[in-house]
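Structural overview for review
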Amino acid sequence: MTPGLDTIPAAETDVLVLGGGIAGHRAAVAARQRGMSVSLAYLAKGASPYIIGCNAPFGHVDPRDGPEVYYEDMIRGGYGLNDKRLVRVLATQATAAVDELRSIGVPFAAENGRLLQRHLSGNTYPRSVYVPEGTGRAILDHLARQCRDLGIETLSGWKAVSLLRDGEEVVGALLAQPRDSRFLAVRARAVVLALGGIGRIYEDSTYPADVASDAYALAFDAGARLIDMEFVQFEPVVTVWPEACRGMEMPTAMMGDGATLLNAAGERFMLRHNPEHGEKRIEKAKLSLIIQREIDEGRGLADGSVLFDTTQVPIDRLESYVTHVRRLRSAGLEPTKEGPHVRPAAHSEMGGVAIDDQGWSGVPGLYAGGETAGGLHGASRLAGNGGSDTIVSGALAGRGAATTQSTLAGRNWQRIIDAAAEKLRAARQQSGATAPDEIKQKVRAIMPRAAGLWRRGEDLEQAMRELDLLQDVTATGLATPDWTQSIKALEARNMVLTARLVVMGALARCESRGAHQRIDWPGQDDERWLHHIAFRRGSAGEVVAEELPIQ
Ligand SMILES: Cc1cc2nc3c(=O)[nH]c(=O)nc-3n(C[C@H](O)[C@H](O)[C@H](O)COP(=O)(O)OP(=O)(O)OC[C@H]3O[C@@H](n4cnc5c(N)ncnc54)[C@H](O)[C@@H]3O)c2cc1C
């Protein structure tokens, strides 16, 4: 046996939550509050700290808002592909979830006891609640404190490399410390996957480095169904200049406050496409497509971008985006006088693990929440709904996991842990020449060419061929001189698998809907395509595609 995995220490818990973003923390709290012992394992904090706001239809700014309008906005914004059970849960539970966060001290901006709510694109009314100094960070800090107070065991800096499985049942996870190659098997009665989204499978991406496509690969390997993977959201306005702010997402909420988009000729081009509202009341997917086309057709700035004009935003509103304004100023740009240059970048995944309204994946013992889960957003996510999703579906998955009837006793743990270690052991034994990072770079180059904002059958077919070759290399041809590289090899394999699922879905869906736009199949075809494309693992490990009806 390869050294390093010979004797793996083991720990035990009722519920193991994988992922330390907001969804993971919410799941951990929810399961603990139902009397479960809980372990929360994660690498870092994921995309959650960057959340600027969360939608909740309090109607504090406009009393016409409420769960029904919010529900309708989501269905319209998702082009009808949403799982209505999950939409109903979010529409009816978002305000209570925010109130719960307020009760543990999250300082959402408010005046005279009423929450301030920003108007984000695609939403009928202003409904995004926020913390001026950073919403995601504030929520996470308070949830982390709550986890400590509740006695939740936190395993920070640990990477989940595979799930422990007993037959069809998921019974824990094998964790690794990538820096010093330590391993730990956590046995659990139920597991919540809250590992975020697709990570950096596109060259231009806003994902932080700790999110690496593992969620979908782990779920796939365990037998879960993945739906709607072709729907990748591109954040429309990601900074490319000033250089020091490259990759920083400008808040779409700021456009609700008066920021505008200008092309090289100084034209406010959004008025051509959305004459009544300009940059407002348009969902992100559409906004990204319009900006990309403006650039592709040669009307952008010289660096392949458009201008995000911050100079017309009232000063008090502008200063409320504390982090953004601070970062622009420290890069030498005064946002009251000049705006940054922006263009779309891959940002979040609408698809993911198919779950029911208890957060259950259909695989015994496996639950999913946050960006890892699919179905809620349909073909396009409303701006601000990533945050709301984490606080509601995270708790949903935690509560679901707490209903487990599974037991830890009477299992052959040696065999279960050995089987989970096998993939890693096989990766370590490779003696190929290709570094795992080379595979990752190749995936990042393939994806924007074929599965970017505008897609075409022949490009997708070509991408599929290239990804299949990369898959072959990850199976045997990687250089893995140590455990760190072996873990990276698994990561590269997970990225290739995830990229293949995105491309397969995009190739199969011969229509254009929301974030999936086929140049060769323009137009939405409800008769043929108003259903999910689902993927699951076949008996020989192959990808099996299915059509799933919308719930
Ligand atoms: C820059 C940026 C800005 C955003 N702004 C907004 C916004 O304003 N409003 C909004 O609604 N949405 C926004 N989003 C989207 C939103 O951040 C995500 O949808 C949301 O944070 C997902 O939360 P999550 O808890 O599901 O996953 P994440 O917060 O991404 O957390 C994933 C967790 O899993 C861990 N992890 C991943 N793989 C492994 C592994 N193998 N083993 C162990 N741990 C692992 C990570 O370390 C992390 O702890 C933004 C995203 C980005 C990138």
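Overview of the structure.

1. Digging into the site of the ligand
- In the neighbourhood of the ligand, 36 residues make up the surrounding shell, with Ala 44, Ser 48, Asp 210, Glu 249 and Gly 387 lying closest.
- A distance of 3.0 Å is found between an oxygen atom of the ligand and a backbone nitrogen or oxygen belonging to Ala 23.
- The separation between an oxygen atom of the ligand and a polar main-chain atom of Gly 387 is 2.5 Å.
- Burial of the ligand by the protein amounts to 97% of the accessible area it has alone, namely 1,000 Å².

2. Observations concerning the packing of helix α5 (residues 214–221) against helix α15 (residues 483–508)
- Close contact between α5 and α15 brings their axes to 8 Å; oriented N to C, the two are set at 80°. In terms of orientation, α5 lies roughly perpendicular with respect to α15. Residues Asp 214, Tyr 216, Ala 217, Phe 220 and Asp 221 of α5 touch α15, and the partners they reach there are Glu 491, Arg 493, Asn 494, Leu 497 and Thr 498.
- A class-by-class count of the residues in the contact of α5 with α15 yields four nonpolar, two polar and four charged.

3. Observations concerning the side chain of Ser 512
- Note that Ser 512 resides in the loop between α15 and β20 (517–518).
- By relative accessible area, Ser 512 is classed as buried at 6%.
- One polar contact links the side chain of Ser 512 to the main-chain carbonyl oxygen of Trp 521, over a distance of 2.9 Å.
- Each residue touching Ser 512, except ones within four places of it in the same chain, is listed here: Gln 517, Arg 518, Trp 521, Pro 522, Gly 523 and Gln 524.

4. Quick look at the sheet that holds strand β14 (residues 306–309)
- Strand order in the open sheet made by the four strands is β12-β15-β14-β13, with antiparallel pairing throughout. In the strand order of this sheet, the two ends are held by β12 (232–241) and β13 (260–262), each with one partner. Within this sheet the neighbouring strands show an average axis-to-axis angle of 50°, counted without direction.

5. Quick look at the sheet that holds strand β21 (residues 532–537)
- Spatially, the five strands line up as an open sheet ordered β18-β16-β11-β21-β22, and their pairing is mixed. In this open sheet, the two strands that pair with only one neighbour each are β18 (373–374) and β22 (543–548).
- Pairing of strand β11 (residues 226–227) with β21 involves two bridges; the strand directions are antiparallel. Among the inter-strand pairings, Ile 227 is bridged to a residue of β21, identified as Ala 534.
- In the packing of α15 onto the sheet, contacts are made with β11, β21 and β22, and the angle to β21 comes to roughly 145°.

How each quantity is defined
Residues numbered from 1 in each chain as written. Predicted model: local features only at pLDDT ≥ 70, side-chain atom pairs only at ≥ 80, totals over all residues. Heavy atoms only, no water. Near = heavy atom within 4 Å. Polar contact = N/O pair within 3.5 Å; in protein donor to acceptor, adjacent residues only side chain to side chain. Areas by Shrake-Rupley, 256 points an atom, 1.4 Å probe, with all protein chains shown as cover. Axes fitted to C-alpha atoms, helices over the stretch in contact; angles between N-to-C directions. Helix = DSSP H or I, 4+ residues; strand = E, 2+ residues; numbered from the N terminus. Parallel < 35°, antiparallel > 145°, perpendicular 65-115°, else oblique. Contact = heavy atoms within 4.5 Å. Nonpolar A, V, L, I, M, F, W, Y, C, P; charged D, E, K, R; others polar. Buried < 20%, exposed > 50% of the residue type's maximum accessible area, 1.4 Å probe, protein only. Pairing = 2+ DSSP bridges.

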